[in-house]
Amino acid sequence: MTTLPTLAVTGSTGALGGRVARELAGRGLPQRLLARTPGRAPELSGAVAVPFSYADRTAAEAALAGVRVLFMVSATESADRVGQHRAFVDAAAAAGVRHLVYTSFVGAAPDCTFTFGRDHYATEQHIRASGMAFTFLRDNFYQDILPGFVGDDGVLRGPAGDGRVAAVARDDVARVAAAVLSDPERHRDATYDLTGPQALTMTEVATIIGQATGRDVRYHDETIDEAYESRRRWPAEDWQYDGWVSTYTAIAAGELAGVSDDVQRLTGRAPMGLTELLAG
Ligand SMILES: NC(=O)c1ccc[n+]([C@@H]2O[C@H](COP(=O)([O-])OP(=O)(O)OC[C@H]3O[C@@H](n4cnc5c(N)ncnc54)[C@H](OP(=O)(O)O)[C@@H]3O)[C@@H](O)[C@H]2O)c1
C-alpha cells in the first residue's frame, strides 16, 4: 500500500509541467511529481517529488506504483525520443496506471511536415495500444517560444511563406491539462487541439513581437536551402536541423493554421493571443 498521491505529473521542472503542477496545487489536488532531479521539482502544497527517467523502465515503474492518472509531458527532442516514450508508456501500463494524459502536437501523423510531430504520432499509437484510457492534448507551437526565434539582428527567418500558425500560450495548455486531470473520466479517449484564438502569418508574428519589445523586428522568408545554411552555425545532428526547418515548412504547408475552440470549451475562457501574452 502506498500513501503517495495517485495523480502523477512529469515535466514539473520545465515550463509547461511546472505550470500544470502549480494549477493542480491551486486546485488543492495532491500530486506526485516524477522528476529526473527531484530536488529541482517545485515545492507545492500536496506535492511529493519522486525520482524517475523516461528511459529507465524499472525506475519509472517503481515511481508509478499506485498511480492512477498520469500527465506525461513529451521528452526533449532526441534521436531516441520515441523509444524513451514507449518505455515510459510500457512502465505506466505495467504499474497499473488507468488514464494517461499526453502532450502531443496538432496534426500529429506519420507523414506530417513537422518531423517532431511524427514522434508524437508514434507515441499516441503506442498509448492507444497500451489499453490505458488516454487524453491527447495536441498543442500548436507555444506562443511563448516565438520571440526566441528572432535573431540578434531582429530578423525572424524561416521558410514559412505566407503560412499561418495558431500558436497557443503555455498557460492555456496548462489550464486545459489541469481541467482534464481534475476530471479525467469526462475526457476519456478524447483528443483536443489546443490553439490560440487566431492564426498569424510570420510577418504578423514579427510585427507583434516588434511592437511588444520596441525592437525593429521583421520576417524574412528563407528558401529551404537558406534555412539549413543559416542554422548550421549551431552544431547539431541532421534530425535536429530537419526539426528546426520543418517548424517553418509545416507552417508554409498550412498544417498549423487550424483554430480550435477546445481551450475555450475546456477552460471556459478564451485563449490568449500573442499580443496579450507578450503584454503580460
Ligand atoms: N509546442 C511547442 O511549441 C513546443 C516547444 C518546445 C517543446 N515542446 C515539447 O513540449 C515539452 C514541454 O515543453 P516545455 O516548454 O515545458 O519544455 P521544458 O521547459 O524543456 O521542460 C521539459 C520537461 O520535460 C522533462 N524531460 C525532458 N526529457 C525527459 C526525459 N527523457 N525523461 C524525463 N523527463 C524529461 C524535463 O526534465 P529535466 O528538468 O530533468 O530536463 C522538463 O521537466 C518539451 O519537452 C517538448 O517535447 C513543444
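Residues numbered from 1 in each chain as written. Predicted model: local features only at pLDDT ≥ 70, side-chain atom pairs only at ≥ 80, totals over all residues. Heavy atoms only, no water.

Description of the pattern of salt bridges
Where charged atoms from two side chains of opposite charge come close, those side chains can pair.
Part 1: The final tally for this structure, using the stated rule, is 13 salt bridges.
Part 2: Connected through salt bridges with shared partners, the residues R19, D144 and D171 form a single ionic network. (Salt bridge = Lys/Arg side-chain N within 4 Å of Asp/Glu carboxyl O.)

Focus: the site of the ligand
Part 1: Near the ligand you find 21 residues, and of these T13, L16, S74, Q84 and Y142 are the closest.
Part 2: Within the backbone of A15, an N or O atom sits 2.9 Å from an oxygen atom of the ligand.
Part 3: Between the ligand and S74 there is a distance of 2.6 Å, counted from an oxygen atom to a backbone nitrogen or oxygen.
Part 4: For the ligand, the protein covers 82% of the area, taking 880 Å² as the surface of the free molecule.
Part 5: Looking at the shell around the ligand, the elements with two or more residues in it are helix 1 (15-26) and helix 3 (81-95). (Near = heavy atom within 4 Å. Polar contact = N/O pair within 3.5 Å; in protein donor to acceptor, adjacent residues only side chain to side chain. Areas by Shrake-Rupley, 256 points an atom, 1.4 Å probe, with all protein chains shown as cover. Helix = DSSP H or I, 4+ residues; strand = E, 2+ residues; numbered from the N terminus.)

Section: a negative patch on the surface
Part 1: Residues D162, D221, D225, E226 and E229 make up a contiguous surface patch of negative charge.
Part 2: If you trace the backbone, E229 turns up in helix 7 (residues 224-231).
Part 3: Accessibility expressed as a relative area gives 56% for E229, which makes it exposed. (Patch = residues over 30% accessible without salt bridge, like charges linked within 9 Å, V, L, I, M, F, W, Y side chains within 5 Å. Lys, Arg positive; Asp, Glu negative; His and termini not counted. Charge placed at Lys NZ, Arg CZ, Asp CG, Glu CD. Buried < 20%, exposed > 50% of the residue type's maximum accessible area, 1.4 Å probe, protein only.)

Structural notes on the packing of aromatic side chains
Part 1: By the definition in use, this model includes twelve aromatic pairs.
Part 2: Between F116 and W239, the ring centres sit 6.1 Å apart and the planes meet at 65°, which makes this aromatic pair edge-to-face. Taken together, the residues F116 in helix 4 (residues 115-130) and W239 in helix 8 (residues 238-252) connect sequence positions 123 residues apart.
Part 3: An aromatic cluster of at least three residues, connected via ring pairs, comprises F105, F114, F116, F141 and W239.
Part 4: Here R232 stacks its cationic end above the ring of Y241, 4.6 Å away from the centre of that ring.
Part 5: Here the guanidinium or amino end of R233 rests over the ring plane of W234, the centre of that ring lying 4.6 Å away. (Phe/Tyr/Trp six-rings, centres within 6.5 Å; stacked < 30°, edge-to-face > 60°. Lys NZ or Arg CZ within 6 Å of the ring centre and 35° of its normal.)

What to know about the pairing of strand 1 (residues 7-10)
Part 1: Residues L7 and V9 point to one face of strand 1 and A8 and T10 to the other, with burial holding for every one of them.
Part 2: When strand 1 meets strand 4 (residues 69-72), the two strands line up parallel, connected through three bridges. Residue A8 lies in a different strand from strand 4, and its bridge partner there is L70.
Part 3: Strand direction decides the pairing type here: strand 1 and strand 2 (residues 31-35), joined by three bridges, are parallel. When the sheet's bridge partners are listed, V9 is paired in strand 2 with L33. (Pairing = 2+ DSSP bridges.)

Considerations on helix 8
Part 1: When the terminal C-alpha atoms of helix 8 are compared, their 21 Å separation across 15 residues agrees well with the 21 Å that a helix rising 1.5 Å per residue should span.
Part 2: The axis of helix 8 is deflected most strongly, by about 35°, at S246.
Part 3: Where helix 8 is concerned, the buried positions are Q240, Y241, G243, V245, S246, T247, Y248, T249, A250 and I251.
Part 4: Considering only its buried residues, helix 8 is in contact with helix 4, strand 7 (155-158), strand 8 (164-165), helix 6 (202-213) and helix 7. (Expected span 1.5 Å × (residues − 1). Bend = angle between axes of the 7 residues up to and from the residue. Contact = heavy atoms within 4.5 Å.)

Overview of the environment of W244
Part 1: Of note, W244 is situated in helix 8.
Part 2: Counting along the chain gives 16 residues from W244 to Y228, while the straight-line C-alpha distance between them is 8.7 Å.
Part 3: Beyond its immediate chain neighbours, meaning those up to four positions away, W244 contacts R231, W234 and A236.

Description of the environment of P110
Part 1: Within the element layout of this structure, P110 appears in the loop between strand 5 (99-105) and helix 4.
Part 2: Separated by 107 residues in sequence, P110 and T3 place their C-alpha atoms 41 Å apart.
Part 3: Setting aside anything within four residues of it in sequence, one finds P110 in contact with R118 and Y121.

Quick notes on the side chain of N140
Part 1: Its location among the elements puts N140 in the loop between strand 6 (133-139) and strand 7.
Part 2: Here the side chain of N140 touches A166 through a polar contact of 3.3 Å, landing on its backbone oxygen.
Part 3: Setting aside chain neighbours within four positions, we find N140 in contact with F105, V106, V165, A166, A167, V168, L194, T195 and L256.

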